[in-house]
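Below are the chains, spelled out letter by letter.
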Amino acid sequence: MSVTDRRLNLNAFIYPTGHHEASWRHPGSVPERIYDVTYFQELARLAESAKLDAVFFADGPALRTEVRYRPDYGLEPITTLVAMATATTHLGLIATASTTYYEPYNLARLFSSLDHISGGRAAWNIVTTATDAAAANFGLTGHPDVRERYARAREFVDATIKLWDSWEDDAVVIDKEAGVYADHDKIHRIDVEGEYIRVRGPFGSARSPQGRPVLVQAGSSNDGRDFAAEYAEAIFTAHQRIEDAQAFYLDIKTRARDLGRDPGHVKILPGLSPFIGATEAEARDLQREFDELTIVDYGLGQLQKMGRIDVTGLGLDEKVPAELFAGAGDITDNTNSRRLVFAKIVEREQPTLRQLLHKLAGARGHNVVAGTAVQIADIIEQWFTGGAADGFNIMPPQYPQGLEAFISSVVPILQERGLFRTEYSGTTLRDHYGLPRPDSSYARALSASGI
């Protein structure tokens, strides 16, 4: 497919009141509605009205200690997406779930059910979870190290795929006259016996409309990129500069090709958080308005947790020492991708601590841009045509206003330029992403053996 034939993929990354950490304090924000399912159904209908590919929910199995200063995720995402599925007909539905704190069978049931209920619009964002707070909620004294988490994740995903595949596509026959509902010979035990995972199978329900839900991943560390190249069909990532995004894009596509995968079936989707104004000055004023509502203690906690640094004793108007991020690595060799993003900001911009906190307040290290609709569209087009992205995870600073602004002003420009669809051409998320519907691995194995 040539560059001119390609079409952008655009997701709306749902964060209850918006991605800016002070969004809930802004006039017009509705933090009182983050447990109201009709609010999320309204956001889903809004995203679908613009023909966006999907909505995406992050999640974690623990309460963040900073909830004093910002609303938490709120509702469990898979349940919420089921409700959003009933309010839409085409919009993809992506939920985060951890391989560390689920078991393959119950997670496979949840996502298979979402795919059936939605008519083929489900996707699983695979995370391994790395917080002691989560571990404590599951009777553990600490979370496993990164190598062990990814080793378990590989076994987990392999087992989950086998469960989804354990019914061949034509296993359900519904022969009322003969009294046969399903062909038992086309339903297979999986008998997984790994170091971390044991599952007998078979799965308890027929293959879902997509064959299996789309597999999504969000890690950009060494382990995360290895895992993504092997399994992911869409990858969410954070980059501030097009040069870094291009290096990541090339690295992932090359790794996928080396593993025998079609690089076009691995979608790279960086985060983009746009402040949109009638003029660039107006957009920057809007961004400044949000930044002035930030709470320093919250920002410090986020910086120290995500950047894994200690800024105790550093004044807000002192320069952040680059040596705090020593050993952060580079785009193709790092153990913590978000720490690397922070390190690059400090290296390039030499900000004060206050300036760094404001820089990160908008989207936790994802690319925050302020400008007119045309300027935002120009950035999207440059990254898309320049080998840096297949699309974007749009992260509005505030919901619903930020999504409304993007949809009403930026999307029409992208459509006029022939970069984004004006109508859905299919009904499933695989259709939207241009991904094939996989056959059951058991059916392929039987076919290859001549049975």
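No experiment lies behind these values; they were computed from the predicted model shown.

Caption draft 1: Broad picture of the overall build of the protein chain. Within the protein chain, the secondary structure is distributed over 15 helices and 13 strands. Projected onto its principal axes, the C-alpha positions of the protein chain cover 75 × 50 × 45 Å. Out of the 451 residues in the protein chain, the part that is buried amounts to 55%. In the protein chain, the proportion of contacts linking residues at least 24 apart, taken out of those at least 6 apart, comes to 78%. Put simply, the protein chain has 47 plus and 61 minus side-chain charges, and the middle of one group is 1 Å from the middle of the other.

Caption draft 2: Broad picture of unusual backbone geometry. Look at the link from G201 to P202: it is a cis peptide, with omega at 0°. By the secondary structure assignment, P202 is in the loop between β8 (198-199) and β9 (214-217). Of the consecutive residues Y399 and P400, the connecting peptide bond is found in the cis state with omega at 0°. Mapped onto the elements, P400 comes out in the loop between β13 (391-394) and α13 (401-416). The backbone phi angle of K51 is positive, close to 65°, even though this residue is not glycine. Along the chain, the position of K51 falls in the loop between α1 (37-49) and β2 (54-57). Residue classification places K51 among the buried residues on the basis of a relative accessible area of 18%. A positive phi angle, near 55°, is found at R308, a position not held by glycine. Relative to the assigned elements, R308 resides in the loop between α9 (296-307) and α10 (337-349).

Caption draft 3: View of the pattern of salt bridges. A full pass over the atoms with the stated rule returns 28 salt bridges. Between R33 and E42 there is a salt bridge, and its shortest N-O distance comes to 3.1 Å. For R241, the salt bridge identified is with D244, shortest N-O distance 3.4 Å. Exposure remark for R241: the relative accessible area of 31% places this residue in the partly exposed category. Residue D244 is classed as buried on the basis of its relative accessible area, which comes to 10%. Taken together, the salt bridges that share partners define one network made up of D165, D169, R207, R212 and R437.

Scoring rules and cut-offs
- Residues numbered from 1 in each chain as written.
- Predicted model: local features only at pLDDT ≥ 70, side-chain atom pairs only at ≥ 80, totals over all residues.
- Heavy atoms only, no water.
- Helix = DSSP H or I, 4+ residues; strand = E, 2+ residues; numbered from the N terminus.
- Buried < 20%, exposed > 50% of the residue type's maximum accessible area, 1.4 Å probe, protein only.
- Contact = heavy atoms within 4.5 Å.
- Lys, Arg positive; Asp, Glu negative; His and termini not counted.
- Charge placed at Lys NZ, Arg CZ, Asp CG, Glu CD.
- Salt bridge = Lys/Arg side-chain N within 4 Å of Asp/Glu carboxyl O.

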